Each structure stands twice: as structure tokens, then as C-alpha cells.
Amino acid sequence: MQAITAHNQISKIVSQAKAQGKTVGFVPTMGALHRGHASLIDYALKDCALIVVSIFVNPTQFNNVTDLEKYPRTIEKDLAFLSHYGSKVAVYNPSPEEIYGNNVSSKGYDFGHLETVMEGEHRPGHFDGVGTVLNILFRQVNPHKAYFGEKDFQQLTIVRKLVDIENLDLEIIGCPIHRQEDGLAMSSRNARLTEHQLEIAPFIYESLLYAKNNFDSLSARELKGYIESIYKEKDGLELEYFEIVNIKNLRTLSRKRKNQQYRAFLAVYAGEVRLIDNIALN
Ligand code: PAF
């Protein structure tokens, strides 16, 4: 399988598919593909005859240079991984110039409160970078629908807002988190974990399950306090944040309200590797 590197070529392939009456789906990725990405593609294939998968490690969304440098890049493996989809998948692997021209920088978006909490608070500029690259990719690829995993639930919420801000004619579809058997959420960053870190990382999902199972009986404050305390005792994993928020607006709650949906979110360091995860609480 060969990747397309020129934006006018991917635009042409999509226009031709649309002219044949095909629904076109888009799965944007940064590569190092795993079963979580495959689940997004499989989900997209239920509705779409052609799926464009982009592979682009976007420099503007990394607020940490080491994280960008160490981000796994496995293009040959990724192409082999996608090859069994045959002609149903087209791979777009642009260079930074193809995306940014000679100005690799982010547009300043106003995503309001959504960008000030959790990932936004701990990774300044991250969502401007995500918004910028997706706005460019959406316009170059021009699909009917784009698919995002709920592991990056805050990103999914921001992408919906981006589509409004940029007035794009595009349906955004959120797909369930794909987990290993031991509960660890699939992530390209898992490739950087040592054997020992892989052994202890399922604690992240266990802590989220605790939050879910005790959401009815404990207040949000009590739960937050408890989760923070168990990470203090856990060697090898360092909790950056744990938050319970309303999924509509990502605001923390003073008290639970009927007919509202809540999710717990966290970011955890295993050594240098930063992992995020979340769970629906009700
Ligand atoms: O979720 C990701 O892998 C990235 O943030 C995305 C959506 C591909 C944008 O670079």
C-alpha cells in the first residue's frame, strides 16, 4: 500500500468517490497505529465506502519538545497494518509543508471554557494546534464524516466546536474507547511503556472503575480526594489530574443533577510517558 503525500491528490480521490455516490469517512491519526485505530476504521466502514486515514505527527499540538521527538513514528508498519483494508482505505501522509506551507504555527481559537480545563490547562496551546491541523485536514480531505475516539473525549468536544466555528459541513462521530484485555486504553504512547509500566498501567482503568462504581454513594469531591490519595500510594504512576465534569460543558460539579451526564477524566505519568483516560459515570 502506498501513501498519498500531496493534498490535491487526496482531494481528487475524495471528489471522485463522492461523484460515484460514495460516502467518505475520515480518521485523522498521528500514526503508530493500533487496534484502537482499527476500531475507528471498522466503525467508519459501517457508514462509508471510502475511508481516508491521515498519518501526520502534528508539531503544533505538542507543548513538550521531548514528547514530540519521542512520539513513535512507524510509517512502514502503519501502511502494512492498513493494507488489509485494500481499496476501502486511502492513506494521506503529508509533509509539514503540505499542511502548513512555510508557516508551522497555530491559529488562535476561542474554544471558551472547553480549552481551559484538564488537557487545556496542562498542555497550553495544545487545542489551538489540534484545531489548526484539523481545520486544514478537513478542508484538504473534505469528507462527509470524521471519526474520533472517546479516549480523547475533550478533544472530541473541541472538534465539535471547531466545526461550528469554522462553519464546516461535516459530521463528527465519537467512537467508544478501545481497551486491552487488562483495561489499559489503547494509545500510540503505550508503545513507549516498559514491561513493568505495562504491568502497572491497568491501575488507571481500575481507578476509573472505582469512580464509576462509587459515583452514586460518594460526592464528586470525596471521589476526587480518594482517587488522589490512592495514586499517592502507587509507585510508578503519578497522577497529574483527576476531574469529574458534566459532559456537555466540561464543568466540574458542585452537586449532581438529575438528567445530566458526568464523566471522570485523568492524566497519569508512567515515567516520562503521559497517559490519559476517562469513563462515563452514569
Ligand atoms: O488524536 C490525535 O491523534 C490527534 O490529536 C489528531 C486528531 C490526529 C490531530 O493531530
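Taking an unreviewed UniProt entry as the reference, the protein chain is identified by name as Pantothenate synthetase belonging to Dokdonia donghaensis DSW-1. The UniProt entry for the protein chain carries the following text under Subcellular location (unreviewed entry): "Cytoplasm". Checking UniProt for the protein chain, the heading Pathway (unreviewed entry) contains the comment "Cofactor biosynthesis; (R)-pantothenate biosynthesis; (R)-pantothenate from (R)-pantoate and beta-alanine: step 1/1."

J.: Outline the overall build of the protein chain, supporting the account with residue identities and numerical values.
T.: Regarding its fold elements, the protein chain presents eleven helices and eight strands. Across its three principal directions, the C-alpha atoms of the protein chain cover 55 × 40 × 35 Å. Taking all 282 residues of the protein chain together, 51% fall into the buried category. In the protein chain, the share of contacts with a sequence separation of at least 24, taken over all contacts with a separation of at least 6, comes to 72%.

J.: Just give me the short version of the pairing of strand E1 (residues 24-29), but keep the residues and values in it.
T.: Residues in a regular strand project their side chains so that they alternate between the two faces of the sheet. Among the six residues in E1, six count as buried, and that is most of the element. With burial as the criterion, each face of E1 is covered, one bearing Val24, Phe26 and Pro28 and the other bearing Gly25, Val27 and Thr29. Bridging between E1 and strand E2 (residues 50-55) involves six bridges; their strand directions are parallel. Residue Val24 lies in a different strand from E2, and its bridge partner there is Leu50. Remark: the E1/helix H2 (residues 35-45)/E2 crossover connection has right-handed handedness. Where E1 and strand E4 (residues 145-149) come together, two bridges link them in parallel fashion. Counterpart to Gly25 in the pairing with E4 is Lys145.

J.: Which residues make up the UniProt feature "binding site: beta-alanine" (unreviewed entry) in the protein chain, and what values do they have?
T.: Mapped onto the present numbering, the UniProt feature "binding site: beta-alanine" (unreviewed entry) falls on Gln61. Tracing the backbone shows Gln61 in the loop between E2 and helix H3 (65-70). Its relative accessible area of 9% is what places Gln61 among the buried residues. Non-local contacts of Gln61, meaning those with residues more than four positions away in its chain, are made with Met30, Arg123, His126, Gly129, Val130 and Val133. At 2.9 Å, the side chain of Gln61 forms a polar contact with the side chain of Asn58.

J.: Before we move on, can you summarise the UniProt feature "active site" (unreviewed entry) in the protein chain with the specific residues and values?
T.: UniProt feature "active site" (unreviewed entry): in the numbering of this structure it lies at His37. Tracing the chain through its elements places His37 in helix H2. Judged by its relative accessible area of 11%, His37 is buried.

J.: Tell me about the pattern of salt bridges, and please be specific about residues and values.
T.: Per the stated rule, a full pass over the model turns up 16 salt bridges. Across the pair Arg274 and Glu119 runs a salt bridge, and its minimum N-O distance is 2.8 Å. Placement of Arg274 in strand E8 (residues 273-280) and of Glu119 in helix H6 (residues 119-122) is noted, with a sequence separation of 155 residues between them. Here Glu119 falls in the buried class, since its relative accessible area comes to 5%. Where Glu150 meets Arg263, a salt bridge forms, and the shortest distance between an N and an O atom there is 3.5 Å. Here Arg263 lies in strand E7 (residues 262-270) and Glu150 lies in the loop between E4 and helix H8 (153-165), a separation of 113 residues in the sequence. Exposure remark for Arg263: the relative accessible area of 10% places this residue in the buried category. Via salt bridges that share partners, Asp67, Lys70, Arg123, Arg189, Arg192 and Glu272 belong to a single interconnected network.

How each quantity is defined
Residues numbered from 1 in each chain as written. Predicted model: local features only at pLDDT ≥ 70, side-chain atom pairs only at ≥ 80, totals over all residues. Heavy atoms only, no water. UniProt positions renumbered as here; feature names shortened; annotations may be inferred. Helix = DSSP H or I, 4+ residues; strand = E, 2+ residues; numbered from the N terminus. Buried < 20%, exposed > 50% of the residue type's maximum accessible area, 1.4 Å probe, protein only. Contact = heavy atoms within 4.5 Å. Pairing = 2+ DSSP bridges. Right-handed = clockwise from strand over helix to strand, strands pointing away. Polar contact = N/O pair within 3.5 Å; in protein donor to acceptor, adjacent residues only side chain to side chain. Salt bridge = Lys/Arg side-chain N within 4 Å of Asp/Glu carboxyl O.

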